[in-house]
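Single-letter residue listing:
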Amino acid sequence: MQIYKLTYNPFQENMYVVSDENKNCVIIDPGCYFREEEQHFMKFIEEYELKPVALLNTHAHLDHIMGNQFIKSNFGIDIYLHPDDKPTFAMAEKSAQLYGLDQFKASPEPDKWLEDGQTLQFGEMSFEVILGPGHAPGHVAFYNAENKFVINGDILFQGSYGRVDLPGGNMAQLKKTITERMFSLPDDTVVYTGHGGETTIGAEKQSNPILWG
Ligand SMILES: [Zn+2]
Ligand SMILES: [Zn+2]
């Protein structure tokens, strides 16, 4: 299994591509926004000869779905989102206007709805869906136990956590998500974050400020 990280758009959002030995890949939180970023992404896919099979969204904040329309129109793959994030999804276009992002392309409607505890299987790759509200109401993390990693969007960051002051945000919920769901994963699980660098569950259990938040 390979994990690629591509950081795009004015929010410096981390998009992840996870591929198996047969070069099937899932695209998580496509953030490509500018024309050069779209071109960069296409070049990356060609260079590694990857075959996209699904588009997973951890949540529907605009920086995580900015590339949905581009990916969908190029590869025709299904978009997955948790239904609790429908309100976030519905707000994305308006948020883009507020940020003055006039090249924002609205995401097509999701094709498949995620469920807490569900196992997703794509080629040789499997992910457990962990529902983790707080930063956004329908935020999920994608956990791969075998390879000891979790793609967690904006739940945990290295030494920090997702903001809770956006619509649908809730500090008590986020704290519960992190302490009860994320911190129950093994300490050596690598956490791939929506912004910034990677961390581990063990490291965040020691010193993440949510413990005192
Ligand atoms: Zn977010
Ligand atoms: Zn984000």
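See above for the structure.
Its identity as a non-glycine residue notwithstanding, K23 has a phi of 70°, on the positive side. Mapped onto the elements of the fold, K23 is located in the loop between β2 (13-19) and β3 (24-28). Backbone geometry places K148, a non-glycine residue, at a positive phi of 55°. One can find K148 in the loop between β9 (140-144) and β10 (149-151).

Glancing now at helix α4 (residues 86-98). For α4, spanning 13 residues, the distance from its first C-alpha to its last is 19 Å, which sits close to the expected 18 Å at 1.5 Å a residue. Of all bends in α4, the biggest is about 45°, found at A92. Here α4 has its buried residues at T88, F89, A92 and A96. Residues of α4 that are buried make contact with α2 (62-65) and β5 (79-81).

What counts, and at which threshold
Residues numbered from 1 in each chain as written. Chains lettered and ligands numbered in written order. Predicted model: local features only at pLDDT ≥ 70, side-chain atom pairs only at ≥ 80, totals over all residues. Helix = DSSP H or I, 4+ residues; strand = E, 2+ residues; numbered from the N terminus. Expected span 1.5 Å × (residues − 1). Bend = angle between axes of the 7 residues up to and from the residue. Buried ≥ 20, exposed ≤ 12 C-beta atoms within 10 Å, placed from the backbone. Contact = placed C-beta atoms within 7 Å.

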